[in-house]
Amino acid sequence: MMDQNGMYAEEYGENGYMEQEEEWEREGLLDPAWEKQQKKTFTAWCNSHLRKAGTAIESIEDDFRNGLKLMLLLEVISGETLPKPDRGKMRFHKIANVNKALDFIASKGVKLVSIGAEEIVDGNLKMTLGMIWTIILRFAIQDISVEEMTAKEGLLLWCQRKTAPYKNVNVQNFHLSFKDGLAFCALIHRHRPDLIDYSRLSKDNPLENLNTAFDVAEKYLDIPRMLDPDDLINTPKPDERAIMTYVSCYYHAFQGAQQAETAANRICKVLKVNQENERLMEEYERLASDLLEWIRRTMPWLASRHSDSTLAGVQKKLEEYRTYRRKHKPPRVEQKAKLETNFNTLQTKLRLSNRPAYMPTEGKMVSDIANAWKNLELAEKAFEEWLLAETMRLERLEHLAQKFKHKADTHEEWTRGKEEMLQSPDYRSCRLYELKALKKKHEAFESDLAAHQDRVEQIAAIAQELNTLEYHDCVTVNARCQRICDQWDRLGALTQRRRQALDDSERVLEKIDLLHLEFAKRAAPFNNWLDGAREDLVDMFIVHTMEEIQGLITAHDQFKATLGEADKEYNLIVGLVRDVEGLVNQYQIANGLENPYTTLTSRDLTAKWSDVKTLVPARDQTLAMELKKQQNNEMLRRQFAEKANNVGPWIEKQMDAVSAIGMSISGSLEEQLNRLKEYEQAVYAYKPHIEELEKIHQAVQESMIFENRYTNYTMETLRVGWEQLLTSINRNINEVENQILTRDSKGITQEQLTEFRSSFNHFDKNRTGRLAPEEFKSCLVSIGYSIGKDRQGELDFQRILAVVDPNSTGYVQFDAFLDFMTRENTDTDTAEQVIDSFRILASDKPYILPDELRRELPPDQAEYCIQRMPPYKGQGAVPGALDYMSFSTALYGESDL
């Protein structure tokens, strides 16, 4: 009902005070005692203001007749100056002065119906009381506002709220509810508990209660007695206007304390938010510094490629790396996730409290940490690849070095004494048949020499490979290889010279022992075959797959298949020796048993043949053991593949499910949060599968298994997928919690959140959780924003883009979009509101003193302000004055404090 006619029209309609009085008289509702109560109360109320001008009234119907004190009263209560009064004592002077007062009242939006200057000048008590009540309504009661109610309802609600905790007090109106005096005492005790001991008051003693309240109000609150306790008690229904007038004085007396309390609460709230934000900033800086320092210390170790070039040394490094992945890195993964969560929470709180976005110190941005972490993972991958490659290389080197030594030992054993034999002049003293024998012997040697050419080439090839692979003892290998090659060249030259000498003597020596020659021809290649067979049977090997060991077994089986033919050849050669022995015994030939064509004997061949037959089952056992090892490796491959092929798709499925929840528009945020936490619990419950897979992977690496054809997953990809799954769940939980925080603090509804998410998802075609600038512009247009296509429209869009993407990443995240839409649809506290609160505490001074802060604020927040407020240097500054305006604007990033 509030209109330009003010409280008067609201309370009594447009007919005015007099017509309301006449209506009450006709209906028999007007109590004669009310007029008495009103006269006393209104007189006291007028005097409470007139005393400020050094005057007072005694009779309300007589002292306002000339209009002078009436005009003075209006000037005091309004703070304005009325037109100069007429000083004459004639009736028309008095009427003119009263009219000036009535015009001033009318100028304040009050419609005065049936009240004229003549009635006031004539001393009409009823008209005078009506006029004073109109003034009280306009200047003492109308400005009372509680939750947008009318002044009377607001004043009544204020009384109800303040007296609600008090026993025996139930304020329902402004007449009967105040008769026992407890309501007045409760109002005083609520604001000044030091003035009244409310527990000692009794509802059965209303006179004492009323006198106590009136005396305390007059003595300590500067509120004069406006009511008579006896009248209130003896009147069945006390006058409502008199009580409203007196209660309004209580409201105005306590209004200042209430404003100070409200202002202090606002400041406490703002300072508490700022202190929490500073704590989060300090914690972020500490965590970021610690994580970056750990990465800085770890990178040189991962970048190092130094080793002692031994297999044991590299295996030790590999074990150190496994320890690092199991024990040292997991806590850092959790630290990184906590760092990102704290940063997102801090930014959300800053946006919600209208603070500028937090910019970490140089080098400690979230992007800097992400880059450092990515470099760490790349270094880990490169380090592990190097360790595995180095292990394979050194294992290959050890095998080649052993093979080189074995072949070199065999060759040097064969060449021992060959140079002396080739340089011997024994053919000069031989008889013909002896010479022929020497020639045939030399031919056999040449065959043997040619057969050994392949072994020398193998020795040189192995030495070359050792040099290529940078074997740590290449100097010794090269020296030995060079000695063998030099000796081989000398043997070739000596062989040519001896053959030439034997050819020169051939014309003299003709007789040849065919049996010895046949023995020599057959024994030499068979001996070479035996040497080669023995060498192959003791040859070391290294395989990595079932196919390779099966190939060796097949080759060995093929070799065993040739043993029958070799046995026949052996028996044939031994038969030649028996034939020679028979002829020698038959014909008694001197030195006939000596074979001039070869140094080989049947005993040599028999020993070697026996050695070969002994080595064959030993080789069978070695190959069987290797086959068992490869079968075990195959089992490990299948175990790892089976587990990995289950874990990998499970991780991918969980990633898709978590992403779907984060982009979902169905259900409430709490439901989404609960689903995410259920997924989080399920993921942590799944961790034993990862640990079991790690154990299998360790067994795979310890068995030197370097490939697995049964799965495309590697332990590294599964580790990365697992860490990404944990990070995704934590990030989505943090985003949903921030959305809940935004919704609850800004008062937006679930329907609004759903609309915002639906609009965002519609333009997020790739489901990345972020929008490009053009997608963001289309999204704004779709929800009703008018963005022109001219230069001004582009400027407006760039301004909005600077708000939602302050770091210029080129993308708009959903939480930034939600924060922008929230601020567009809700109200927030501002720097101006904080300044107004400080101004109230400072009693309208442009500065505030430390004592005032300590009196109105909690100790910790008062000291927080005193330490951070700059000194006030403006006009009228006093010692210790603090500039609360600069401090307030700095809280919202509007100045550089």
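Residues numbered from 1 in each chain as written. Predicted model: local features only at pLDDT ≥ 70, side-chain atom pairs only at ≥ 80, totals over all residues. Heavy atoms only, no water.

On to the overall build of the chain. If you tally the helices and strands in the chain, you get 32 helices and 2 strands. Across the 897 residues that make up the chain, the buried fraction comes to 46%. For the chain, restricting intrachain contacts to residue pairs at least 6 apart in sequence, the fraction spanning at least 24 positions comes to 75%. (Helix = DSSP H or I, 4+ residues; strand = E, 2+ residues; numbered from the N terminus. Buried < 20%, exposed > 50% of the residue type's maximum accessible area, 1.4 Å probe, protein only. Contact = heavy atoms within 4.5 Å.)

The next thing to look at is helix α9 (residues 182–191). When you tally the buried positions in α9, you get 8 out of 10 residues, the bulk of the element. Those residues of α9 that fall on the buried side of the exposure criterion are Leu182, Ala183, Phe184, Cys185, Ala186, Leu187, Ile188 and His189.

Let's shift gears to the packing of aromatic side chains. Geometry of an aromatic ring pair is reported as the spacing of the ring centres plus the angle between the planes. Throughout the structure, instances matching the rule amount to 32 aromatic pairs. When the centroid spacing of 6.4 Å and the interplanar angle of 5° are considered together, the rings of phenylalanine 104 and phenylalanine 139 count as stacked. Pair noted here: phenylalanine 104 is in helix α5 (residues 91–107) and phenylalanine 139 is in helix α7 (residues 125–141), with a separation of 35 residues, a long-range link. Residue phenylalanine 104 shares its accessibility class with phenylalanine 139, and that shared class is buried. (Phe/Tyr/Trp six-rings, centres within 6.5 Å; stacked < 30°, edge-to-face > 60°.)

The backbone phi angle of aspartate 222 is positive, close to 60°, even though this residue is not glycine. Inspection of the secondary structure puts aspartate 222 in the loop between α10 (206–220) and α11 (229–234). Aspartate 222 sits in the exposed class, given a relative accessible area of 51%.

Next up on the list: helix α8 (residues 151–163). Taking 1.5 Å per residue as the helical rise, α8 with its 13 residues ought to reach 18 Å, and the 18 Å between its terminal C-alpha atoms agrees with that figure. Residues of α8 that are buried include every one of Ala151, Gly154, Leu155, Leu156, Leu157, Trp158, Cys159, Lys162 and Thr163, and no others. (Expected span 1.5 Å × (residues − 1).)

Interhelical geometry of helix α4 (residues 68–78) versus α7 gives an angle of 10° and a closest axis separation of 11 Å. Regarding the angle of α4 to α7, the classification is roughly parallel. Mapping the contact onto sequence places Leu70, Leu73, Leu74, Ile77 and Ser78 in α4 and Met131, Ile132, Ile135 and Phe139 in α7. Each residue belonging to the contact of α4 with α7 can be placed in one class, and the counts come to 8 nonpolar, 1 polar and no charged. (Axes fitted to C-alpha atoms, helices over the stretch in contact; angles between N-to-C directions. Parallel < 35°, antiparallel > 145°, perpendicular 65-115°, else oblique. Nonpolar A, V, L, I, M, F, W, Y, C, P; charged D, E, K, R; others polar.)

What follows deals with the pattern of salt bridges. Within the structure shown, the criterion is met by 55 salt bridges. The salt bridge involving lysine 329 is made with glutamate 380; its shortest N-O contact spans 2.9 Å. Of the two residues, lysine 329 is situated in helix α13 (residues 311–352) and glutamate 380 in helix α14 (residues 366–415); the sequence distance between them amounts to 51 residues. What makes lysine 329 buried here is its relative accessible area of 2%. Glutamate 380 gets classed as buried once you look at its relative accessible area, which sits at 1%. A salt bridge links arginine 719 to glutamate 716, with the nearest nitrogen and oxygen atoms 3.3 Å apart. A residue pair is termed a helical-turn pair when its members lie 3 or 4 positions apart in one helix, as arginine 719 and glutamate 716 do in helix α24 (residues 715–746) at 3 residues. (Salt bridge = Lys/Arg side-chain N within 4 Å of Asp/Glu carboxyl O.)

By secondary structure assignment, the location of threonine 415 is in helix α14. You can call threonine 415 buried: its relative accessible area is 3%. Excluding anything up to four places from it in sequence, threonine 415 contacts Gln487 and Leu491.

Assignment of secondary structure puts valine 720 in helix α24. Sequence-wise, valine 720 and glutamate 377 are 343 residues apart; in three dimensions their C-alpha atoms are separated by 9.1 Å.

All right, on to the packing of α9 against α10 then. As a packed pair, α9 and α10 sit with axes 8 Å apart at the nearest point and diverge in direction by 40°. When the axes of α9 and α10 are compared, the crossing they make is left-handed. Where α9 abuts α10, its residues Leu182, Phe184, Cys185 and Ile188 lie against Asn209, Leu210, Ala213, Phe214, Val216 and Ala217. Across the contact of α9 with α10, the residue classes break down as 9 nonpolar, 1 polar and no charged. (Left-handed = near helix turned anticlockwise from the far one by under 90°.)

What follows deals with the nonpolar core. Counting 78 residues, the largest nonpolar core has Trp45, Ile132, Ile135, Phe184 and Tyr250 as its most contacted members. With near-sequence residues (within four places) excluded, tryptophan 45 lies in contact with Leu73, Ile77, Ile135, Ile136, Ala140, Met226, Thr245 and Cys249. In terms of nonpolar packing, the next biggest core, distinct from the first, is built from 41 residues, Ile295, Tyr324, Tyr358 and Leu466 among them. (Core = buried A, V, L, I, M, F, W, Y, C linked by side-chain atoms within 4.5 Å.)

Right, let's get into the UniProt feature "coiled-coil region" (unreviewed entry) in the chain. Feature annotation in UniProt places "coiled-coil region" (unreviewed entry) on residues 270–297, given in this structure's numbering. Taken end to end, residues 270–297 is 100% helix and 0% strand, and its first and last C-alpha atoms sit 41 Å apart. (UniProt positions renumbered as here; feature names shortened; annotations may be inferred.)

Moving on, we come to the side chain of asparagine 528. Structurally, the position occupied by asparagine 528 is in helix α18 (residues 514–537). Among residues more than four places away in sequence, those in contact with asparagine 528 are Asp448, Ala451 and His452.

On to the confidence of the model for the chain, then. Predicted confidence across the chain gives a mean pLDDT of 81, with 88% of residues reaching 70 or more. The low-confidence segment residues 23–30 (pLDDT under 50) makes 9 contacts with residues lying over four places distant or belonging to another chain. Here residues 508–512 is modelled with pLDDT under 50, and outside its nearest four sequence neighbours on either side it reaches 17 contacts, counting other chains as well. (pLDDT = per-residue confidence, 0-100.)

The next point concerns the environment of glutamine 496. For glutamine 496, the location among the structural elements is in helix α17 (residues 474–504). In sequence terms glutamine 496 and leucine 422 are 74 residues apart; their C-alpha atoms lie 9.5 Å from each other.

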